[in-house]
Amino acid sequence: MKRRDLLRMGLGLAALSSKSFAWTPGGDLSAEEKKTLLLMHNRARNDVGVPALTWSDELADSAQIWAEYMARTGNFKHSEVQYGENLSSCDDLVEVAVGYWIDEKKFYRPGSPSTLECGHYTQVVWRNTKRLGAGKAQGDGTTFWVCQYDPPGNFRGKAPY
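Computed from a prediction, not measured in an experiment: that's the story for all the values here.

Focus on the environment of Pro160
Working step 1: By secondary structure assignment, the location of Pro160 is in the segment after strand S5 (142–150).
Working step 2: Classification of Pro160 as buried rests on a relative accessible area of 2%.
Working step 3: Those residues in contact with Pro160 that lie beyond four places of it in its chain are Tyr108, Ser112, Thr122, Val125, Trp126 and Arg127.

So, helix H2 (residues 31–47)
Working step 1: Relative to the 24 Å expected for 17 residues at 1.5 Å per residue, H2 spans 24 Å between its end C-alpha atoms, a close match to the ideal helical length.
Working step 2: For H2, the set of buried residues is Glu33, Thr36, Leu37, Leu38, Met40, His41, Asn42, Ala44 and Arg45.
Working step 3: The inward-facing, buried residues of H2 abut strand S2 (54–55), helix H4 (94–103), helix H5 (119–124), strand S4 (131–139) and S5.
Working step 4: Remark: Gly49 follows H2 within two positions and exhibits a positive phi of approximately 80 degrees.

Quick look at the pattern of salt bridges
Working step 1: For the structure shown, the criterion picks out 4 salt bridges.
Working step 2: Note that Arg131 and Glu58 form a salt bridge whose closest N and O atoms lie 3.5 Å from each other. With a gap of 73 residues between them, Arg131 in strand S4 and Glu58 in helix H3 (residues 57–73) connect regions that are remote in the sequence.
Working step 3: What makes Arg131 partly exposed here is its relative accessible area of 23%.
Working step 4: You can call Glu58 partly exposed: its relative accessible area is 45%.
Working step 5: The shortest N-O distance in the salt bridge between Asp92 and Lys136 comes to 3.1 Å. You can see Asp92 sitting in the loop between strand S3 (84–90) and H4 and its partner Lys136 sitting in strand S4, a full 44 residues away along the chain.
Working step 6: With a relative accessible area of 35%, Asp92 lands in the partly exposed category.

Things to note about H4
Working step 1: Of all the positions in H4, only Val94, Ala97, Val98, Gly99, Trp101 and Ile102 are classed as buried.
Working step 2: Looking at the buried positions of H4, the neighbouring elements they touch are H2, S3, H5 and S5.

A few points about the side chain of Lys136
Working step 1: When its relative accessible area of 9% is taken as the criterion, Lys136 is described as buried.
Working step 2: Within the structure, Lys136 has its side chain in polar contact with the side chain of Glu33 (distance 2.7 Å).
Working step 3: Of note is the side chain of Lys136, whose polar atom sits 3.1 Å from the side chain of Asp92.

Here is what the cut-offs are and how they apply
- Residues numbered from 1 in each chain as written.
- Predicted model: local features only at pLDDT ≥ 70, side-chain atom pairs only at ≥ 80, totals over all residues.
- Heavy atoms only, no water.
- Helix = DSSP H or I, 4+ residues; strand = E, 2+ residues; numbered from the N terminus.
- Buried < 20%, exposed > 50% of the residue type's maximum accessible area, 1.4 Å probe, protein only.
- Contact = heavy atoms within 4.5 Å.
- Expected span 1.5 Å × (residues − 1).
- Salt bridge = Lys/Arg side-chain N within 4 Å of Asp/Glu carboxyl O.
- Polar contact = N/O pair within 3.5 Å; in protein donor to acceptor, adjacent residues only side chain to side chain.

If you want it as structure tokens, here you go:
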């Protein structure tokens, strides 16, 4: 059995004790959604002169597992993985989820550390981040989006680029 399947089984068992949510299994990203995610991230990164990200299936597996957990339980919170992470609970369109994060640029002052108002954006453009993976899942009438970043960003007192 794959690591991903074992993790899903474990999270599924943990979710049995949680409140019940209307959850639709599946929801792995399409090739087009992956392409759009990477393109939107890399455009934002290019705008500030930091290197492009590459897609990571390992991070995507981890992000998908967490998106499915949130969709099953309705528990919208960050996972405890070693990666950086952006979450969204919104429309089914990838452009909307990532667009919210990138729109936080208007709250960022170049050269300054990340703040609560712009933390999603600064993770998107964190200079040292190299890899991106994402997942989504439907639950209780919404789509839960998870992007994970390696290495993570948003270190206290540090500027993203």
